[in-house]
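Single-letter residue listing:
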Amino acid sequence: MKKIIYILVLSVVLTSCKKWLDVNDNPDSANSTVPTADQRLAPIIAQFADGYESAGTRAAFLSQQLAVTYAVNNNWNLTRWNVNASNAGWPWQAWYVNTAVNIQPMIEAAEKQGAYHYIGAGKIMKAWGFGTLADLYGMIPYEEFDNPAIITPKFDDGSYVQEKVLALLDEAIADLKKTQEVGAPALSAGDILNGGNVDSWIRLAYGLKARYLNHLTKKSTYNPQAVLDALANGPQTDAQSSILQYVDEGPDVPSAAKEALQYTNTSTTARITKLYLNYITNNYTGAPTGATNMEDPRTDLLIPSSQQKGIMTRSAGVDMQSPLPATGPLAKDSSYVQLRKAPYAPTAKDRIVSTGTWYTQRGAKGLLLTNAEMRFIEAEVKFRQNQPAVALAAYKAGIQSHMSIMGVAADKISAYLASSSVVQNPAALTLSHIMIQKYIALSYSPELFSDVRRMDYCTDASGNYNEATGVYKGFNRPSHVFVEAYPSANNWPRRFAIPSYEVNYNLVQVLKANPNASLPTYLNEPIWWDKP
């Protein structure tokens with residue numbers, strides 16, 4: 001009998017202790033259980049965007065949109081296609097350390113409240129992050145990445161990851177279509193990407209499906225109809241795009257945590273390339289031309305200018321095939337204008353060092369998935385299906401969408417689209433025309449690197465540069481190419497290096513997944529969808 005009494009007393013004490021501990025679970029202090037789903041979603045989106053857009057900056061250097069002004073830094077290595085264990089690290093860390101591990105706790109918090117829209121958004125973020133990394137690195141930890149009992153997770157091939165990603169997107173769409181339980185937080189409470197618009201999240205999921213399915217153009221399993229079906233449910237208007245608006249506090253109270261990622265990443269050393277300049281100004285082999293040529297109204301939004309002897313002069317583009325990239329250009333060379341606006345708030349007495357660009361404003365937009373991208377995917381698919389008239393309409397719609405998102409006036413857009421600087425005859429449209437316009441619309445996007453790989457840069461069937469048959473006209477190997485990784489003329493960048501975190505602490509699993517991962521030539525080894 002005493003045992004029973006003691007047990008009862010002990011039970012009361014333990015229960016009381018548990019209640020006391022519950023009271024002291026500070027709701028204002030983050031841990032694994034306190035934050036609600038709406039409190040978790042905003043930082044997940046922000047941390048994802050950091051890694052995603054940082055991968056986009058790297059893609060811009062690899063894909064010859066950007067060069068740098070001095071030779072000894074990670075970005076300079078990227079311009080010579082040396083994607084090493086150091087400069088490949090941040091997208092990896094931003095995803096695995098700052099983002100991915102927080103998604104399942106958000107989903108679990110949402111399940112407790114019947115907040116199905118947060119569950120759907122969480123699954124999209126998980127699919128998007130893993131899908132992006134798999135496309136960049138070719139192989140990544142997926143199944144074992146968040147198992148606390150495994151400190152050296154195995155690597156899964158990108159083909160396996162894509163299967164999981166597509167399934168997650170389908171689950172997310174189903175969750176987002178559910179009616180939330182009474183008392184569940186509205187999606188708008190935590191959504192800094194789409195403002196709580198559930199339809200935009202559903203369209204984002206379908207847009208991602210279209211993107212990933214269209215990567216398979218070299219595979220026998222490529223299904224153009226599946227791509228078109230996804231596109232039909234993806235963004236159809238600019239307002240349905242998923243665009244992150246960065247919020248900067250201005251020159252007097254700057255906040256690095258709020259400024260646009262491309263403002264941060266390009267800093268004062270990035271410069272545009274001659275290739276990027278030529279694409280924007282329609283100066284490449286086979287570019288549309290005729291009696292009614294017009295300047296692209298995006299030119300001054302994408303190409304910075306500086307004040308030279310009182311005259312505003314556009315930046316020159318760094319010729320990546322010249323000797324210049326090996327040692328410069330130097331920062332003081334005013335022919336090559338920095339991408340950051342300087343001065344930030346000029347007075348009438350100030351010399352304009354740079355007008356800046358649309359993407360590198362401190363309060364810029366992050367174009368994460370847009371209607372413009374969807375229209376260019378549609379144009380590519382229809383072109384492959386030998387439907388040139390439909391492809392032409394989609395090509396024009398892609399240009400129009402990107403210009404509209406950038407704030408170009410409607411009358412200027414209409415005039416340009418009617419000019420001879422844009423293809424007007426369906427029979428004259430080429431895949432090169434479509435992809436070069438998409439190249440411009442995907443400025444600073446990681447998806448750009450997927451496209452240049454799928455299209456094999458500007459090469460022929462043997463992998464050698466060939467402007468007659470290649471897609472990205474003028475895109476050649478840089479003069480200062482990292483020859484250890486690209487010893488032959490037909491070697492081109494195909495993947496990011498495995499980051500130093502995995503090389504230092506998980507090398508056994510890295511080499512088990514691919515024994516070539518320790519070799520410089522690993523960088524020119526195609527990932528799964530980049531080969532037949």
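Please read all numbers here as calculations on a predicted model, not as lab measurements.

Trainee: Help me understand the overall build of the protein chain, please; the structure alone is not making it clear to me.
Mentor: The helix and strand tally for the protein chain stands at 18 helices and eight strands. Compactness check: the protein chain gives a C-alpha radius of gyration of 25 Å against a globular reference of 24 Å for 532 residues, within 12% of the reference. Seen along its three principal axes, the alpha-carbon backbone of the protein chain occupies a region of about 105 × 55 × 50 Å. Looking at the 532 residues of the protein chain, the share that counts as buried comes to 55%. Carbon and sulfur atoms make up 56% of the accessible area of the protein chain, which totals about 22,100 Å². Measuring between centres, the 46 positive side-chain charges of the protein chain sit 2 Å from its 46 negative side-chain charges.

Trainee: Could you clarify how one ought to interpret the nonpolar core in this entry?
Mentor: As a rule of thumb, soluble globular proteins bury nonpolar side chains together. W128, F130, W201, Y395 and Y472 are the most contacted members of the largest nonpolar core, which has 149 residues in total. Those residues in contact with Y395 that sit more than four places away from it in its chain are P288, F376, A379, V422, V423, L429, H433, I434 and Q437.

Trainee: Is there a simple way to explain the pairing of strand β7 (residues 311-314) in this structure?
Mentor: It is a general feature of regular strands that their side chains alternate between the two faces of the sheet. Sheet analysis places strand β6 (residues 305-308) next to β7, joined by four bridges and oriented antiparallel. Residue pairing for β7: S306 is matched across the bridge by T313.

Trainee: What is the right way to look at the packing of aromatic side chains in this model?
Mentor: For any pair of aromatic rings, geometry is given as the distance between the ring centres together with the angle between the planes. Counted by the stated rule, this structure contains 26 aromatic pairs. For the pair F130 and F145, a centre-to-centre distance of 5.0 Å together with 70° between the ring planes defines the contact as edge-to-face. In this pair, F130 is assigned in helix α5 (residues 116-137) and F145 in the loop between β2 (139-140) and β3 (156-157), connecting sequence segments 15 residues apart. Neither residue differs from the other here; F130 and F145 are each classed as buried. With centroids separated by 5.8 Å and ring planes inclined at 50°, the aromatic side chains of Y439 and Y472 adopt a geometry described as tilted. One end of the pair, Y439, is in helix α15 (residues 431-441); the other, Y472, is in the loop between α16 (447-454) and α17 (500-505), and 33 residues separate them in sequence. An identical accessibility class is assigned to Y439 and Y472; each is buried. Between R340 and the ring centre of Y263, over which it is positioned, the NZ or CZ distance is 3.9 Å. Cation over ring: R453 sits above F449, and NZ or CZ is 4.0 Å from the ring centre.

Trainee: What exactly am I supposed to notice about the confidence of the model for the protein chain here?
Mentor: In low-pLDDT regions, the fine details of the predicted coordinates are not to be read closely. Per-residue pLDDT for the protein chain has a mean of 93; in total, 94% of the residues score no lower than 70. Note on residues 1-24: pLDDT under 50 across the span, and zero contacts to partners over four residues away in sequence or across chains.

Trainee: Hey, could you run me through the packing of helix α13 (residues 388-405) against helix α14 (residues 410-417) in this one?
Mentor: Angle between the axes and distance between the axes are the two parameters that describe a pair of packed helices. Where α13 meets α14, the closest approach of the two axes is 10 Å, and the angle between their N-to-C directions is 155°. The angle between α13 and α14 places the two elements in the roughly antiparallel class. As α13 runs across α14, the sense of the crossing is right-handed. For the pair formed by α13 and α14, the contact residues are K396, I399, Q400, M403 and S404 on the first element and I413, Y416 and L417 on the second.

Trainee: What is the right way to read the environment of M312 from this model?
Mentor: Note on placement: M312 falls in strand β7. Taking the relative accessible area as the measure of exposure, M312 reaches 41% and is therefore partly exposed. It is 38 Å that separates the C-alpha atoms of M312 and E380, two residues lying 68 residues apart in sequence. In contact with M312, other than residues within four places in its own chain, are S305, S306, Q307, I352 and T355.

Trainee: Just to check I follow, could you spell out α13 for this structure?
Mentor: Because an α-helix completes one turn every 3.6 residues, residues spaced three or four positions apart along the sequence face the same direction. Over its 18 residues, α13 extends 26 Å from the first C-alpha to the last, a length consistent with the 26 Å expected when each residue adds 1.5 Å. On its buried face, α13 is in contact with β4 (242-245), β8 (365-369), α12 (371-384), α14 and α15. G407, located one to two residues past α13, shows a positive phi value of around 90°.

Trainee: Can you help me understand the packing of helix α7 (residues 198-214) against α12 in this one?
Mentor: It is at 11 Å that the axes of α7 and α12 come closest, and there the two elements cross at 40°. When the axis of α7 is compared with that of α12, the two are oblique. Every pair of crossing elements has a handedness; the one defined by α7 and α12 is left-handed. Residues G207, A210, R211 and N214 of α7 form the contact with α12, whose participating residues are E373, M374, I377, E380 and V381. Among the residues making up the contact of α7 with α12, the classes are represented as four nonpolar, two polar and three charged.

Trainee: Would you mind going over the pattern of salt bridges with me for this structure?
Mentor: Oppositely charged side chains are able to pair whenever their charged atoms sit close together. Counted under the stated rule, the structure contains 23 salt bridges. E143 is the partner of K164 in a salt bridge, and the nearest nitrogen-oxygen pair spans 3.9 Å. Of this pair, K164 sits in helix α6 (residues 158-176) while E143 is found in the loop between β2 and β3, placing the two residues 21 residues apart along the sequence. Judged by relative accessible area, K164 falls into the partly exposed class, the value being 32%. The salt bridge involving D199 is made with R203; its shortest N-O contact spans 2.8 Å. Here D199 pairs with R203, and both are found in helix α7, just four residues apart, close to one helical turn. Given the relative accessible area of 35%, D199 is considered partly exposed. By relative accessible area, which is 17% here, R203 ends up buried. Within this structure, E380, R384, K438, D451 and R454 form a network of salt bridges that share partners.

Calculation rules
Residues numbered from 1 in each chain as written. Predicted model: local features only at pLDDT ≥ 70, side-chain atom pairs only at ≥ 80, totals over all residues. Heavy atoms only, no water. Helix = DSSP H or I, 4+ residues; strand = E, 2+ residues; numbered from the N terminus. Rg over C-alpha atoms; globule rule 2.2 N^0.38 Å. Buried < 20%, exposed > 50% of the residue type's maximum accessible area, 1.4 Å probe, protein only. Areas by Shrake-Rupley, 256 points an atom, 1.4 Å probe, with all protein chains shown as cover. Lys, Arg positive; Asp, Glu negative; His and termini not counted. Charge placed at Lys NZ, Arg CZ, Asp CG, Glu CD. Core = buried A, V, L, I, M, F, W, Y, C linked by side-chain atoms within 4.5 Å. Contact = heavy atoms within 4.5 Å. Pairing = 2+ DSSP bridges. Phe/Tyr/Trp six-rings, centres within 6.5 Å; stacked < 30°, edge-to-face > 60°. Lys NZ or Arg CZ within 6 Å of the ring centre and 35° of its normal. pLDDT = per-residue confidence, 0-100. Axes fitted to C-alpha atoms, helices over the stretch in contact; angles between N-to-C directions. Parallel < 35°, antiparallel > 145°, perpendicular 65-115°, else oblique. Left-handed = near helix turned anticlockwise from the far one by under 90°. Expected span 1.5 Å × (residues − 1). Nonpolar A, V, L, I, M, F, W, Y, C, P; charged D, E, K, R; others polar. Salt bridge = Lys/Arg side-chain N within 4 Å of Asp/Glu carboxyl O.

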